[in-house]
Amino acid sequence: MTPSWHILGAGSLGGLWATRLFRAGVPPRVILRTPQRLADYHASGGLSLIEHDRCSLYPVAAELPDARTPISRLLVACKAYDAEAAIAELAPRLVKGADILLLQNGLGSQQAIAERWPDSRCVFVSSTEGAYREGDFRIVHAGQGHNWLGAPEGRTPPSWLAELDAAGIPYAWTDDILGKLWRKLAINCAINPLSVLHDCRNGQLLTQRTSLHRLCNELGDLLRACNQAGAAEGLEDEVLRVVEATANNYSSMYQDVRNGRRTEVSFLLGQACRTAQRQGLATPELCGLLERLQAFLRRHGLPAD
Ligand code: NAD
Ligand code: KPL
């Protein structure tokens, strides 16, 4: 029998989705990168999920990209910069009309994938759930959140959404997934780079109100130029609300930098600046911020893209 879900990438969000589907009786298969990683996975006995300080081990099946089973529904849970190359490795296994769910933050990777595999049906996901890896194949569910799912070209909600209900995965289907992704991108652009450059928790950005104000003005102009006026509405107020609500947290970009990991800057602030340039829109605050961030990343030995 063809398994209903394949999950590409057994990291934080991939593990969170895989374990919840597994325990709801919708057993997925996770796809790991190399034979060594598959051997390590088997040695660990499966995926461990830590929730409310309790750890449970789930023996989710795993395989390599070149396994033979056809893939009809693929959840891509890699970072934005890995997603396209990761799908390319297993693309011959995708059945015509396969659903590809894209969990990536920011914008750009989803469009590249949708263009490259036009016979598949891409569903874009904007997630505010929080998870991190405590060790190999050990995932901590750190923050409750929500998943917006939608197809950019429009589509009726797929019947498999019922499996997310069964698995307790919080979601809603939206006809405006691009608006949701643009809004989140804009919030991330205002908060994350400043938190890296000022080496601070989100709450400390309340001392950078002038920068936040100028960035939100430019981001609002950009969203309107991209026909995303709805995503521009009340942006600065929401950024300030998020800063306050997450005052004690370090942004995801801050954590990537601190852990010496590549950031997704190219799909966030980089994407904003490239889009503004294509639209002929001057965004000196955003471009200046990108330059300072990229110089910072290079100084710390990290990729600037
Ligand atoms: P992660 O680094 O924890 O996991 C990514 C996994 O993909 C890793 O295990 C990596 O080995 C694997 N991978 C990469 N290339 C692969 C390949 N070719 N084949 C198989 N596996 C491959 O990342 P994450 O935190 O789960 O983030 C995934 C996406 O979700 C990102 O775009 C992130 O911004 C977004 N997101 C994450 C969170 C969160 O709380 N972690 C929340 C919202 C959005
Ligand atoms: O999404 C975020 C992140 O850290 O990536 C928040 C906390 C909302 C800040 O942009």
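See above for the structure.
Keep in mind that this is a model prediction, so the values were computed, not measured. (Residues numbered from 1 in each chain as written. Chains lettered and ligands numbered in written order. Predicted model: local features only at pLDDT ≥ 70, side-chain atom pairs only at ≥ 80, totals over all residues. Heavy atoms only, no water.)

Draft legend 1. Structural context of unusual backbone geometry. Unusually for a residue other than glycine, Asp-53 sits at a positive phi of about 70 degrees. Summarising the element assignment, Asp-53 is placed in the loop between β3 (47–51) and β4 (54–58). The backbone of Asp-199 sits at a positive phi, close to 50 degrees, despite the residue not being glycine. Mapped onto the secondary structure, Asp-199 falls in the loop between α6 (177–197) and α7 (209–225). Overall, Asp-199 belongs to the partly exposed group, its relative accessible area being 46%. (Helix = DSSP H or I, 4+ residues; strand = E, 2+ residues; numbered from the N terminus. Buried < 20%, exposed > 50% of the residue type's maximum accessible area, 1.4 Å probe, protein only.)

Draft legend 2. Examining the pairing of strand β6 (residues 71–76) more closely. Across the six residues that make up β6, a large majority, five, are buried. Relative to β6, strand β1 (residues 6–8) is paired through three bridges, and the arrangement is parallel. By the bridge assignment for β6, Leu-8 is matched with Val-76. Relative to strand β7 (residues 94–102), β6 runs parallel, the two sharing five bridges. For Leu-74, the partnering residue across the bridge sits in β7 and is Ile-100. Crossover β6 to β7 through helix α3 (residues 80–90) is right-handed. (Pairing = 2+ DSSP bridges. Right-handed = clockwise from strand over helix to strand, strands pointing away.)

Draft legend 3. Quick peek at the environment of His-213. Mapped onto the elements of the fold, His-213 is located in helix α7. Take His-213: its relative accessible area is 35%, and that puts it in the partly exposed class. Sequence separation of His-213 and Leu-235 is 22 residues, and the distance between their C-alpha atoms is 9.8 Å.

Draft legend 4. Fine view of the site of ligand 1. Lining the immediate surroundings of ligand 1 are 25 residues, of which Ser-12, Leu-13, Ala-131, Arg-133 and Glu-264 lie closest. Note that an oxygen atom of ligand 1 is positioned 3.3 Å from one of the backbone N or O atoms of Glu-129. Contact with the protein chains covers 88% of the free accessible surface of ligand 1, which is 830 Å². Only α1 (12–23), α3 and β9 (130–135) provide two or more residues apiece to the shell around ligand 1. When residues in the shell around ligand 1 are grouped by element, the largest group, four residues, is from α3. Residues belonging to the shell around ligand 1 are distributed by class as follows: ten nonpolar, seven polar and eight charged. (Near = heavy atom within 4 Å. Polar contact = N/O pair within 3.5 Å; in protein donor to acceptor, adjacent residues only side chain to side chain. Areas by Shrake-Rupley, 256 points an atom, 1.4 Å probe, with all protein chains shown as cover. Nonpolar A, V, L, I, M, F, W, Y, C, P; charged D, E, K, R; others polar.)

Draft legend 5. Representation of the site of ligand 2 in the model. Surrounding ligand 2, one finds Ile-187, Asn-188, Ile-191, Asn-192, Asn-202, Val-242, Ser-251 and Ser-252. Taking Asn-188, its side chain carries an N or O atom lying 2.8 Å from an oxygen atom of ligand 2. One of the side-chain nitrogen or oxygen atoms of Ser-252 is found 2.5 Å away from an oxygen atom of ligand 2. Within the complex, 79% of the 290 Å² of free accessible area of ligand 2 lies under protein. Sort the elements by how many residues they give to the shell around ligand 2 and α6 lands first, with four residues.

Draft legend 6. Summary view of the sheet that holds β3. Judged by pairing direction, the sheet is mixed, and its four strands sit side by side in the order β4-β3-β10-β9 without closing on themselves. Pairing within the sheet leaves two strands with one partner each, and these edge strands are β4 and β9. Going across the sheet, the axis of each strand differs from the next one's by a mean of 30 degrees, ignoring polarity. In the sheet, β9 pairs with strand β10 (residues 138–143) via five bridges, with the strands oriented antiparallel. Directly across from Tyr-132, in β10, lies its bridge partner Val-140. Relative to the sheet, α1 contacts β3, β4, β9 and β10, its axis offset from that of β3 by approximately 90 degrees. (Axes fitted to C-alpha atoms, helices over the stretch in contact; angles between N-to-C directions. Contact = heavy atoms within 4.5 Å.)

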